[in-house]
Amino acid sequence: MPTLTQPKVKEVSVDVLKKAYGYMCTAKALTDLYEANKEITAKYVHATSRGHEAIQIALGLQLLPQDYLSAYYRDDSILLSIGMQPYELMLQLLAKRDDPFSGGRTYYSHPSLRRDDMPKIPHQSSATGMQAIPTTGIAMGLQYLETTKQQKDYKGVNPIAVCSLGDACITEGEVSEAFQMAVLKQLPILYLVQDNEWDISANAKEIRAQDATEYAKGFKGLETRTIDGTDFVKSFNTLQEVIELIRKERRPFLVHAKVPLLNHHTSGVRKEWYRDDLEEAMKKDPLPKLRNRLLIEGVETGELKKIEDAATALVKADYEKALLAEDPHPEDLFKHDFAPTTITEEKGNRAPAGKQPTVMVDAALFAISELMTKHPECLLYGQDVGHRLGGVFREAATLAQKFGNHRVFNTPIQEAFIIGSTVGMSAVGLKPIIEVQFADYIWPGLNQLFTEVSRSCYLSNGKWPVSCILRVPIGAYGSGGPYHSSSVESVVCNIKGIKVCYPSTGADLKGLMKAAYYDPNPVLMLEHKGLYWSKIKGTEDAKTIEPDEDYIIPLGKARMVQTCDAAKDKNTLTVITYGMGVYWAKNAAKKFPNQIEIVDLRTLSPLDEETIYASAKKHGKVLVLTEEPKSNSFAQSIASRISENCFEALDAPVKVVGAENLPAIPLNSILEKTMLPNADKVEVAMEALLKY
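Just so we're clear, the structure is a prediction, and the values are computed from it rather than from any experiment.

Criteria and cut-off values
Within each chain, residues carry numbers counting from 1 in the order of the written sequence. pLDDT decides what is reported in this predicted model: residues at 70 or higher carry local features, side-chain atom pairs at 80 or more are listed and counted, and totals for whole chains, interfaces and linings draw on all residues regardless. Side-chain descriptors were evaluated using all non-hydrogen atoms of the structure, hydrogens and water having been removed beforehand. Remark: exposure states derive from per-residue accessible area (1.4 Å probe, protein chains only) relative to the maximum for the residue type, with buried under 20%, exposed over 50%, and partly exposed in between. Secondary structure follows DSSP: runs of H or I at least 4 residues long count as helices, runs of E at least 2 residues long count as strands, and numbering of each begins at the N terminus. Following DSSP output, two strands are said to pair if at least two bridges run between them. Looking down the strands as they point away from you, a crossover is right-handed if its path from the first strand over the helix to the second goes clockwise. A helix is expected to span 1.5 Å multiplied by its residue count minus one. To qualify as a nonpolar core, a set must consist of buried Ala, Val, Leu, Ile, Met, Phe, Trp, Tyr and Cys residues joined through side-chain atoms within 4.5 Å. Any two residues whose heavy atoms approach within 4.5 Å are treated as being in contact. The distinction between a cavity and a pocket rests on a 1 Å grid over the protein atoms alone: a 1.4 Å probe fits inside a cavity but cannot get out, while a pocket stays open yet meets protein on both sides within 12 Å along at least five of seven lines, and a residue with an atom within 4 Å of a point counts as lining. Grid points are joined across faces, edges and corners, and a volume is the space filled by probe spheres set on the points. To get an axis, a line is fitted to the C-alpha atoms, and for a helix only the part in contact is used. The angle between two axes follows their N-to-C directions and goes from 0 to 180 degrees. Relative orientations are named as follows: roughly parallel for angles under 35 degrees, roughly antiparallel for angles over 145 degrees, roughly perpendicular for angles from 65 to 115 degrees, and oblique for any other angle. By definition, any crossing whose near helix is turned counterclockwise from its far helix by less than a right angle is left-handed, and any crossing with a clockwise turn is right-handed. Centres within 6.5 Å make a pair out of two Phe, Tyr or Trp rings, where for Trp the six-membered ring is used; the pair is then stacked when the planes are under 30 degrees apart, edge-to-face when over 60, and tilted otherwise. All amino acids are sorted into three groups, where Ala, Val, Leu, Ile, Met, Phe, Trp, Tyr, Cys and Pro are nonpolar, Asp, Glu, Lys and Arg are charged, and the leftover types, Gly among them, are polar. Per residue, pLDDT captures the predictor's confidence, and it can take any value from 0 to 100.

Q: Whenever I open this one, the pairing of strand β3 (residues 189-195) confuses me. Can you help?
A: Within β3, seven of the seven residues are buried, leaving the element largely enclosed by the surrounding structure. Neither face of β3 is exposed, since I189, Y191, V193 and D195 on one face and L190, L192 and Q194 on the opposite face are all buried. In this structure, strand β2 (residues 161-166) lies alongside β3, joined through six bridges in parallel fashion. Each bridged residue has a counterpart across the sheet, and for V162 the counterpart in β3 is L190. In this region the chain leaves β2, passes through helix α7 (residues 173-185) and returns to the parallel neighbour β3; the handedness of that crossover is right-handed. Where β3 meets strand β5 (residues 253-258), six bridges bridge the pair, whose relative direction is parallel. Bridge pairing in β5 places Y191 opposite L254.

In structure tokens form, the structure reads like this:
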């Protein structure tokens, strides 16, 4: 009978062991110093890696500058082992101006790094598990670059994405979306799960039915390794094997490392408040394990003492230096909410001669086709946009056939992944155009839009703006009912760090689409379904001559739909609106010749306040028109701004007309009509305002 033997463990050189021990001592010295000086260091919440150091350092030592890393809030040992200095980490701990990650804007060990000699670290939030989608987006971007031969040749040492996760966050639904896409597309990503069996005060027995390894079995094609994450040699060898496989075979892996949590959950939630396993946890401390291994390897205690003392001295000196570092200036608050755009003027031919009017949906299609032809880094994905259908509104028709299934492709029903993946795609240099099928379906993706996409530029201090376009068919059209008719602009306009467009004509949609593409920031393109084909009576003017390829409209510039004189003896008003409101206003205005001015905002954020205020002051009477329910709406915020900035020029209170204040738009056509504005209702409001 053959004897079963264990595979031979690779030798890790003594030099590597000593280097790792130095980082481990540095990480411990950081923890000890922060605790000893908690009256200062605990001003801002922080967590440290005590107990997790072995697996983290084993990873950091093997990452290369071409790699992408998502390090979460307990990963300071990873940061040390890729080359970050304690001083740099402390600048973030103390929220100093020269904090290399965020300029004092976000917490300790929330890195965002863009250095040529280190792995790239795009911004990620504190929301546990949310990093899985953006990091998987990085891996999807790397795969696309390789498929299209746009990736730099690294002589076989191909870049990988690494996503660090705590085990408790594996229960998050968005982590499942990331795993699903990783196995579906076989992406080059490593999920490193550090399992210390604690959430905050909730223990693993309370909050999970299985650990990460068992859970991963549900994702076919996600190969796993489960290891003792306190054993540096085992951790180093396992990660070396897995990383080599990912670099070569370009497929996903999950390494599940079991570790103790030896420090507080955070400085604000102390371990002694709720834990009774601290004595047992200390027996698993990776530091004495590695020290004993070095002694076995023949390293003298004197040399180890020098490593320990050097780490302590470095941390102490760096702390004293960091305390004296400059704090942010008040004016720094206003930097990097957006990356600067080069599109500042309207250019190109809006209405070339000899063309017939084009429906709005085709204007968008032609714009994207031109962009994809010109830019190989441009790609389109979302639900049902692929070759079989080309979008439920045919808004992507023919694109997959023209550019291939690798550039225009369907995704699962995963709005969070669709939106959040743009963070990673943008980080590797791509420009994704994505689609959420209906505005009503944006809610599952709102977490990623708010937490990851919108804040990346600001919280990375300008290093990682997310460049993407999110197309969202919106509005009520033909008895769509309560789940296909909603307007969401009031919600998305309250997310700072994104731009929001809402065109009402084909020409504007094409011009804004081009501007959005060349804008380095995330742009939402809200496209009214009822205007796509101009099938609704009174919306014929949404069809326009298709502008030429070079036509572009800067974001934040309103369009004057129609004007009228405002003589002293003349009773006039202006309508501030967008989307379908433009056509309700135009049709209602027919009853009041030369009395109604109509301003189409076109872009809701940034907002063309200059044009709004000029029109309000010119006429003295203002009607703000929206399809949304009126109460607490974006339209009411515009009315408030007009009242505040134009008060002395107003001859009447600013009037807001919107839908009825009800939870949803009913399916029945009579009820739908009763709920929504229309030209007749707007006409009544105009007449009342003119008579005021």
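Q: Quick question: what am I supposed to make of helix α14 (residues 360-374) here?
A: The end-to-end C-alpha distance of α14, which contains 15 residues, comes to 22 Å, matching closely the 21 Å that a straight helix rising 1.5 Å per residue would cover. Of all 15 residues in α14, 11 are buried, a share of seventy percent or more. Where α14 is concerned, the buried positions are M360, V361, A363, A364, L365, A367, I368, S369, E370, L371 and M372.

Q: How should the nonpolar core be read in this particular structure?
A: With 84 residues, the main nonpolar core has Y191, I442, I576, L601, V624, I638 and I642 as its most contacted residues. If you tally residues by element for this core, the top one is helix α6 (residues 132-147), at eight residues. Leave out the neighbours within four places in its chain, and I642 touches I576, I612, Y613, A616, V622, V624, F647, L650 and V654. Residues L89, M90, L94 and L190 belong to the second largest nonpolar core, which totals 64 residues.

Q: So what exactly am I meant to see when it comes to empty space enclosed by the protein here?
A: Here the idea is plain: a probe the size of a water molecule rolls over the atoms and shows the empty space left. The final tally for this structure, using the stated rule, is two cavities of 30 Å³ or more. The computed volume of the largest cavity comes to approximately 60 Å³. Lining the largest cavity are L69, S70, P122, H123, Q124, Q131, P134, T135, I138 and V423. Among the secondary structure elements, those contributing two or more residues to the lining of the largest cavity are β1 (68-70) and α6.

Q: What is the right way to read the packing of α6 against α7 from this model?
A: Pairs of packed helices are described in terms of their axes, by the angle between the two and the distance that separates them. α7 packs onto α6 with a crossing angle of 15° between their chain directions and a minimal axis gap of 8 Å. Accordingly, the angle class assigned to the pair α6 and α7 is roughly parallel. Crossing hand, α6 versus α7: left-handed. Across the interface between the two elements, A132, I133, T136, M140 and Q143 from α6 touch E174, V175, E177, A178, M181, A182 and K185 from α7.

Q: Please clarify how the packing of aromatic side chains should be interpreted in this entry.
A: The relation between two aromatic rings is expressed through the spacing of the ring centres and the mutual angle of the planes. Taken as a whole and judged by the stated rule, the model has 17 aromatic pairs. Judged by centre distance (4.7 Å) and plane angle (65°), the rings of F179 and Y191 are edge-to-face. Taken together, the positions of F179 in helix α7 and Y191 in strand β3 put the pair 12 residues apart, joining distant regions of the chain. Of the two residues, F179 and Y191, both sit in the buried class.

Q: Would you mind going over the packing of helix α1 (residues 14-36) against helix α10 (residues 232-249) with me for this structure?
A: The interhelical angle for the contact between α1 and α10, taken along N-to-C directions, is 110°, at an axis separation of 11 Å. It follows from the interaxial angle that α1 and α10 lie roughly perpendicular. The interaxial crossing formed by α1 with α10 has right-handed handedness. Facing V16, L17 and A20 of α1, the residues of α10 in contact are F232, V233 and F236. Split into classes, the residues belonging to the contact of α1 with α10 amount to six nonpolar, no polar and no charged.

Q: How do you make sense of the confidence of the model for the protein when you look at a structure like this?
A: Low-confidence regions, as indicated by low pLDDT, have predicted coordinates that should not be scrutinised in detail. Scored by pLDDT, the protein has a mean of 95; 99% of the residues are at 70 or more. Low pLDDT, under 50, characterises residues 1-8; the predicted model gives this stretch zero contacts beyond four residues in sequence or across chains.

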